[in-house]
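# Coordinate analysis (summary)
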Amino acid sequence: MSTPKFRVAICGGGIGGLTLAVALSRYPDIVVDVYEAAQSFHEIGAGIAIWPRAFKVLRKLGYNFEQQLIQRCGYEFTDKYVPCIKHRKSDQAVGVQLFELMSKGNQMRFHRADFLGVLLSHLAPSCRTHNGKRLKSYIQPFNGRSRNSPITLIFMDGSTATCDVLIGADGIKSAVRPCMLHELARGMPPDRKQSVLSCINPIWSGATAYRALISAEKLRARCPDHRVLGGGITQYLGKDAFFLGYPISLGKYINLAGFTLQPDLVGTAYEADARIPRRSFEGKANSEWVGELTAEQFVEPFKNFEKDAKHLLECVEKGTLWAVHTVKTLPSMSFGRVALLGDAAHAMMPFQGAGAGQSIEDAYLLATVLGHKATTLDTVPRALAIYDKLRRPFSSDVARRSRLNGQLCSFQTDVPLHELGKTIIKNFEWSWLTELDGALEEAIKLVENSSIRIS
């Protein structure tokens, strides 16, 4: 093997980090190390939804990769308009069907463990994975002759490693983000510095999620013709609370995800302003974002919903409660030879099922600029700045659209019921009417023409 042009360390072995590792496998002159904090690769949570825009990105990783995903999904991808999400007004004794969202192309739904398994099976043999490696901090050289010297990674277990490029794909509680933002804020005026540093810690969005898996067989025994068993997603909407259900694992389970929203906090979740006071989530302890729920606790926010919803809720045996945290809109997703990806950069509310797809888009565009033949160790900072220029505005917009969808589904806007369907569909159309290809073309143009200023 020839001498590599640089070594990339990916901190975080979730969907975004592993997608980046798979995408970088197309470039044999880049050495990749993946550092995962857990002792084994796994994903917390049950269902994952991929909209057509992001699935078209995954298809670029190869035919075999796509076919393995389809096998685990249980249905083929199509570009035609298909029924996707039924929306019902359910906070009343007799529910009412409001509208059905039609998407141009399937929303592809997986069990997270299945999805992660496909990614792991497509890692290049040269990609080295390291488990039990939780990053504590890093040191990035800047000055003079040492500016291209290796970045030093410092792990919680006391060990160290080096790399030329560091990608923080380490989730909402990222260790890379605070280090990078401190670097970015160095030398700034006090007010600007305070604003940048206020983006370090995740904040409670004001939304709380209720998650459970139920047995499809149990639901079928209780209600053989239940609409959720027929496939697709059904959302049961109510004032300040709603939940949805859909089959996963080839119809073996029904994934339930419910939400309650506190309007004042949800409305200010992305403001990068240190002067805005916010309440913390009041769990068993402030640090506990996830907790176990009994069946009774899971059902409580939705206890007055329609009978169709109650059939699902009566099948719940236990669940988990998640305090939905977000990351404020960052001033940058990169600094020097360090960049953030996925939830580490733009953790968003889950109301469009877009978080995983955005991390996939991040990963593919990042691999494109790093892998380009014109990118060298000297020009890595420019490549990462191109990534930031093209991805940060888009992911920020998706985060805001996701928040709006939650507000619409919990009747927290002024949109009348008869216009709700049209408004939600318009808010969703980016996920099937747009593609990443334009940004990829722009990225390649900027990499190849260094005279074009990036601002």
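Our subject in this report is the structure included herewith. By convention here, each chain's residues receive numbers from 1 onward along its written sequence. Thresholds applied to this predicted model are a pLDDT of at least 70 for local features of residues and 80 or more for the giving and counting of side-chain atom pairs; totals over whole chains, interfaces and linings are not thresholded and use all residues. Think of the side-chain values as coming from all heavy atoms in the structure, minus any hydrogens and water.

### Some details on the overall build of the protein chain
- A run of DSSP states H or I qualifies as a helix once it reaches four residues; a run of E qualifies as a strand once it reaches two. Both are numbered from the N-terminal end. Secondary structure summary: the protein chain contains 16 helices and 19 strands in total.
- The reference for a compact globule is 2.2 Å times residues^0.38; the radius of gyration itself is calculated from the C-alpha atoms. At 22 Å, the protein chain has a C-alpha radius of gyration in line with the 23 Å of a compact globule built from 455 residues.
- Counting only C-alpha atoms, the protein chain reaches 70 × 50 × 40 Å along its principal axes.
- Categorising residues by exposure relies on relative accessible area from a 1.4 Å probe, with only protein chains included: less than 20% of the type maximum marks a residue as buried, more than 50% marks it as exposed, and the intermediate range marks it as partly exposed. Buried residues in the protein chain amount to 54% of all 455 residues.
- Note on contacts: a residue pair qualifies if any of its non-hydrogen atoms lie within 4.5 Å across the two residues. Expressed as a percentage of contacts within the protein chain between residues at least 6 apart in sequence, the contacts between residues at least 24 apart total 74%.
- Here the protein chain displays about 19400 Å² of accessible surface, and carbon together with sulfur accounts for 51% of that area.
- Charge assignment: positive for Lys and Arg, negative for Asp and Glu; neither His nor the chain ends contribute. To locate a charge, take atom NZ for lysine, CZ for arginine, CG for aspartate or CD for glutamate. Each charge sign in the protein chain was given a centre, from 55 positive and 44 negative side chains, and these centres are 3 Å apart. Using a 1.4 Å probe, accessible areas were evaluated by the Shrake-Rupley method; residue-level cover was limited to the displayed protein chains.

### So, unusual backbone geometry
- Positive phi values are uncommon outside glycine, yet S249 reaches one of about 50°.
- Locating S249 in the fold gives a position in the loop between β14 (241–248) and β15 (253–261).
- Although it is not a glycine, L250 adopts a positive phi angle of roughly 55°.
- A residue is classified by how much of its surface remains accessible, and L250, at 62% relative accessible area, is exposed.

### Digging into the sheet that holds strand β19 (residues 338–340)
- Pairing between two strands requires that DSSP report at least two bridges joining them. Spatially, the six strands line up as an open sheet ordered β7-β2-β1-β11-β19-β18, and their pairing is mixed. Each having just a single partner strand, β7 (128–131) and β18 (334–335) make up the two edges of the open sheet.
- Here strand β1 (residues 6–11) pairs with strand β2 (residues 30–36) via six bridges, running parallel. When the bridges of β2 are listed, V8 appears paired with V32.

### Quick notes on the nonpolar core
- Side-chain atoms within 4.5 Å are what join buried Ala, Val, Leu, Ile, Met, Phe, Trp, Tyr and Cys residues into a set we call a nonpolar core. L24, I50, F115, L153 and L166 are the most contacted members of the largest nonpolar core, which totals 119 residues.
- In terms of residue count, helix α12 (residues 355–371) provides more of this core than any other element does, nine residues in total.
- With residues near it in sequence (within four places) discarded, L153 still touches A9, Y35, L135, S137, Y138, S159, T160, A161, C163 and L166.
- The next biggest cluster of nonpolar side chains, apart from the first, holds 28 residues, and it includes C84, I233, M349 and I424.

### Looking at the side chain of S395
- For S395, the location among the structural elements is in helix α13 (residues 380–409).
- You can call S395 buried: its relative accessible area is 1%.
- When near neighbours in sequence (up to four residues on either side) are disregarded, S395 contacts M333, H346, M348 and Q358.

### Points about the packing of α13 against helix α14 (residues 417–428)
- Following both chains from N to C, one finds α13 and α14 inclined at 165°, their axes separated by 10 Å at the closest point. Of the possible angle classes, the one that applies to α13 and α14 is roughly antiparallel. Judged by the sense of rotation from one axis to the other, the crossing of α13 with α14 is left-handed. Between α13 and α14, the residues in contact are R401, L404, N405, L408 and C409 and L420, T423, I424, K426, N427 and F428, respectively.
- A per-class count over the contact of α13 with α14 returns six nonpolar, three polar and two charged. To get an axis, fit a line to the C-alpha atoms, keeping to the stretch in contact for a helix; angles then go from 0 to 180 degrees between the N-to-C directions. Any angle between 65 and 115 degrees counts as roughly perpendicular, while under 35 counts as roughly parallel, over 145 as roughly antiparallel, and the rest as oblique. Note: crossing handedness is left-handed where the near helix turns anticlockwise from the far helix by less than a right angle, and right-handed where it turns clockwise. Residue type decides the class: Asp, Glu, Lys and Arg count as charged, Ala, Val, Leu, Ile, Met, Phe, Trp, Tyr, Cys and Pro as nonpolar, and the leftover types, Gly among them, as polar.

### Overview of the pattern of salt bridges
- What counts as a salt bridge is simple: a side-chain nitrogen of Lys or Arg found within 4 Å of a carboxyl oxygen of Asp or Glu. One pass over the full model with this rule turns up 22 salt bridges.
- The partner of D79 in a salt bridge is K56, and the shortest N-O contact between them spans 3.9 Å. Taken together, the residues span a long stretch of sequence, with D79 in the loop between α3 (63–73) and β4 (81–89) and K56 in helix α2 (residues 52–59) at a distance of 23 residues.
- Given a relative accessible area of 39%, D79 falls into the partly exposed group.
- D362 is the partner of R391 in a salt bridge, and the nearest nitrogen-oxygen pair spans 2.7 Å. In this pair, R391 sits in helix α13 while D362 sits in helix α12, placing the two residues 29 residues apart along the sequence. Here R391 and D362 have matching classes, each one buried.
- Linked through salt bridges whose partners overlap, the residues forming this network are R53, E361, D362 and R391.

### Overview of the environment of A354
- Note on placement: A354 falls in the loop between α11 (343–346) and α12.
- Along the sequence, A354 and I48 sit 306 residues apart, while their C-alpha atoms lie 9.2 Å from each other.
- Sequence-distant contacts of A354, defined by excluding residues within four places in its chain, comprise M348, V398 and W430.

### Side note on the side chain of Q407
- Structurally, Q407 can be placed in helix α13.
- The buried category is assigned to Q407, whose relative accessible area is 17%.
- Apart from the residues within four sequence positions on either side, Q407 is in contact with L261, V266, G267, Q412 and T413.

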